[in-house]
Amino acid sequence: LARPSRTPRMRGSSPVGRALPGLLLVTGATAFPLSPTGATVLQTFPQLFGPKAAFASKGSPVSGSSGLSRIITSHTCRAGTHRHQSLPRLLLRGGASGLRMYDRDTQGDTEAGLAREERKMEHSNQVRQKLEAIASGEKGLGKVRQHVNPLKSQFQIPTEAPNWSEVFGDPSLPMHLDIGCGKGRFILELAAINSDTNHFGVEIREPLVVRANKWAQESGLANCHFSFANMNASIRTILKGYAGRISLVTILMPDPWFKARHHKRRVVNPEFIEALAEEVPSGARLIVGSDVKDVYDDIVYVLGNSTAWAEVPGGSDEWPLERQTERQISVQSRGEALYHSVYTRN
C-alpha cells in the first residue's frame, strides 16, 4: 500500500483523531489514509476472509475521529453479518524507515504507544550505528551489560547458521564450539595455535561479537569466527550445513544467575543438553566448568541424568586444553576454586 504523500493532523480530541503525519488506519483487510477532508478505501483483500467476506462498501468518505469510529463498526460483509468485532484493527505509521504496524487494541491507538514504538526504533538505530562504529574501529566497545536475560522476546528468534565457506578458510575442518564465549580471547588464542581446527564462538552480547570478529580479521585468523545468538533458542539452527565434524564443545563460566527465580535463565538445562546431543556426533567432547559450586553441581546433575553423555573418568583432574578463559585466569590469581568436568557423546 502506498503511503500518503501529505497527511496533516486531523481534527478531534481522541488519540486516533490526533493522528500523526503518515498514519494509516487498517480495519480488517481494508486500508484508509487519514486526511482532514476524509478517507477512501485503498484496497480490499477478500481472499483473506474467504469468498463471502468481501467488503460491500468502498470509497466511503471519513472525517474526524467519529467518522473513523463509524468505519470500524459499520462495515458489513456480503453475507450480511457484522464482522467488526472479529476484524483485526491495526495502525500503520509511515516513517523514515518504512511502515510500522501496531495492534490497535493494545497500544497503537494511543500517542503513548506510538511514542514508545518510536523510542524503540530510535534505540535500534543507535545500537546499529554503535555496532558499525565498533566494526570499523571508529569507537571502542563502551559499556556492555554484564548480564543479559536470555528469556527476553528479542532473544527468542533462532539465529541461522552463517555461510561457512565465507567465515572459515576451510569449512571441512573439525569444529570447536564455544558457547558463551564472552570477549572471545579464549578461542582467539586457541585458533592461533590450532590451525587444524575451526573455532566458533557464540555470545548473546552483540557488541562483544562484533569486536571479537574484528580482532580475528586483524589477526588474519581464517579458522575463527563469532556469532551473536542465544544458544538456547538457536541450538537447532546455528550449526546447520557445517561440512566438518563438531569435535569439541565448551561451556565455561556461564552466567550463574544466583537467585532461585532466575535459575531458569541458566544456559544448561535438560532440554538444551538433549538438543546439543542431537547436533554433535558420537565421540565429541564436552567440557563444562564454573567457579560457582552450585552452578557446577547443577550442570553435572543435568548431564548425569542424560543418556546421551558419559563423564570421562579423571576428566576433572587437570585442565585439558592449552589455554584458559579470562575468568579462569582471574579466579586462579585470587586463589579461588575452579570446577570442571569432561564428557563424551555416546
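Residues numbered from 1 in each chain as written. Predicted model: local features only at pLDDT ≥ 70, side-chain atom pairs only at ≥ 80, totals over all residues. Heavy atoms only, no water.

(A) How the structure looks around the packing of aromatic side chains. Applying the stated criterion to the full structure yields 6 aromatic pairs. A ring pair is formed by W164 and Y242, whose centres lie 5.1 Å apart and whose planes are at 80°; its orientation type is edge-to-face. On the criterion of sequence distance, the pair formed by W164 in helix α4 (residues 164-167) and Y242 in the loop between α7 (231-234) and β8 (246-252) is long-range, its members being 78 residues apart. No difference in accessibility class separates W164 from Y242, as the two residues are buried. Their ring planes at 25° and their centres at 5.6 Å tell us that Y296 and Y339 sit as a pair that is stacked. Taken together, the residues Y296 in helix α9 (residues 293-304) and Y339 in strand β11 (residues 339-345) connect sequence positions 43 residues apart. The rings of W164, F168, F200 and Y242 are connected pair by pair, giving a single aromatic cluster. Here the guanidinium or amino end of R265 rests over the ring plane of W257, the centre of that ring lying 4.8 Å away. Positioned above the aromatic ring of Y339 is the side chain of K293, whose terminal nitrogen or guanidinium carbon lies 5.8 Å from the ring centre. (Phe/Tyr/Trp six-rings, centres within 6.5 Å; stacked < 30°, edge-to-face > 60°. Helix = DSSP H or I, 4+ residues; strand = E, 2+ residues; numbered from the N terminus. Buried < 20%, exposed > 50% of the residue type's maximum accessible area, 1.4 Å probe, protein only. Lys NZ or Arg CZ within 6 Å of the ring centre and 35° of its normal.)

(B) Spatial organisation of the confidence of the model for the chain. Across the chain, the average pLDDT comes to 75, with 64% of residues at 70 or higher. Long-range and interchain partners of residues 1-108, a stretch whose pLDDT sits below 50, account for 187 contacts in this model, where long-range means more than four residues apart. (pLDDT = per-residue confidence, 0-100. Contact = heavy atoms within 4.5 Å.)

(C) Here's a closer look at the pairing of β8. Counting buried positions along β8 yields 6 of 7 residues, so the element is predominantly enclosed. Bridge count between β8 and strand β9 (residues 285-290): 5 bridges; the pairing is parallel. Considered in β9, the bridge of T250 is made with I287. Considered for its hand, the β-α-β crossover made up of β8, helix α8 (residues 270-279) and β9 is right-handed. (Pairing = 2+ DSSP bridges. Right-handed = clockwise from strand over helix to strand, strands pointing away.)

(D) Region of the structure containing α9. Counted at 1.5 Å a residue, the expected span for α9 with its 12 residues is 16 Å, and the 16 Å between its end C-alpha atoms agrees. Looking at the packing, one finds that the buried side of α9 touches α8, β9, β10 (309-311) and β11. (Expected span 1.5 Å × (residues − 1).)

(E) The sheet that holds β8, seen in detail. As summarised here, the arrangement of the 7 strands in space is β7-β6-β5-β8-β9-β11-β10, forming an open sheet in which the pairing is mixed. Among the strands making up the open sheet, the edge pair consists of β7 (224-228) and β10. The sheet shows a mean angle of 20° between the axes of neighbouring strands, direction not considered. Relative to β7, strand β6 (residues 198-203) runs parallel, the two sharing 5 bridges. Counted as the bridge partner of E203 is F228 from β7. Its contacts with the sheet place helix α6 (residues 206-218) against β6 and β7, and it is angled at close to 165° to β7. (Axes fitted to C-alpha atoms, helices over the stretch in contact; angles between N-to-C directions.)

(F) Main features of the pairing of strand β5 (residues 175-179). Across the 5 residues that make up β5, a large majority, 5, are buried. The alternating pattern of β5 places M175, L177 and I179 and H176 and D178 on opposite faces, both of which are buried. By the bridge criterion, 5 bridges tie β5 to β6 in an arrangement that is parallel. Looking at β6, one finds that I179 is bridged to V202. In this region the chain leaves β5, passes through helix α5 (residues 185-193) and returns to the parallel neighbour β6; the handedness of that crossover is right-handed.

(G) Expanded view of the pattern of salt bridges. Counting across every chain of the model gives 10 salt bridges. Across the salt bridge formed by R323 and E189, the nearest N and O atoms sit 3.7 Å from each other. In this pair, R323 is assigned in the loop between β10 and α10 (326-333) and E189 in helix α5, connecting sequence segments 134 residues apart. For R323, a relative accessible area of 31% gives the class partly exposed. Residue classification places E189 among the partly exposed residues on the basis of a relative accessible area of 36%. Residues E278 and R236 are paired through a salt bridge, measuring 2.5 Å at the closest nitrogen-oxygen approach. Residue E278 is found in helix α8, and its partner R236 is found in the loop between α7 and β8; the two are separated by 42 residues along the sequence. By relative accessible area, which is 42% here, R236 ends up partly exposed. Each of R266, D294 and D298 takes part in a single network of salt bridges with overlapping partners. (Salt bridge = Lys/Arg side-chain N within 4 Å of Asp/Glu carboxyl O.)

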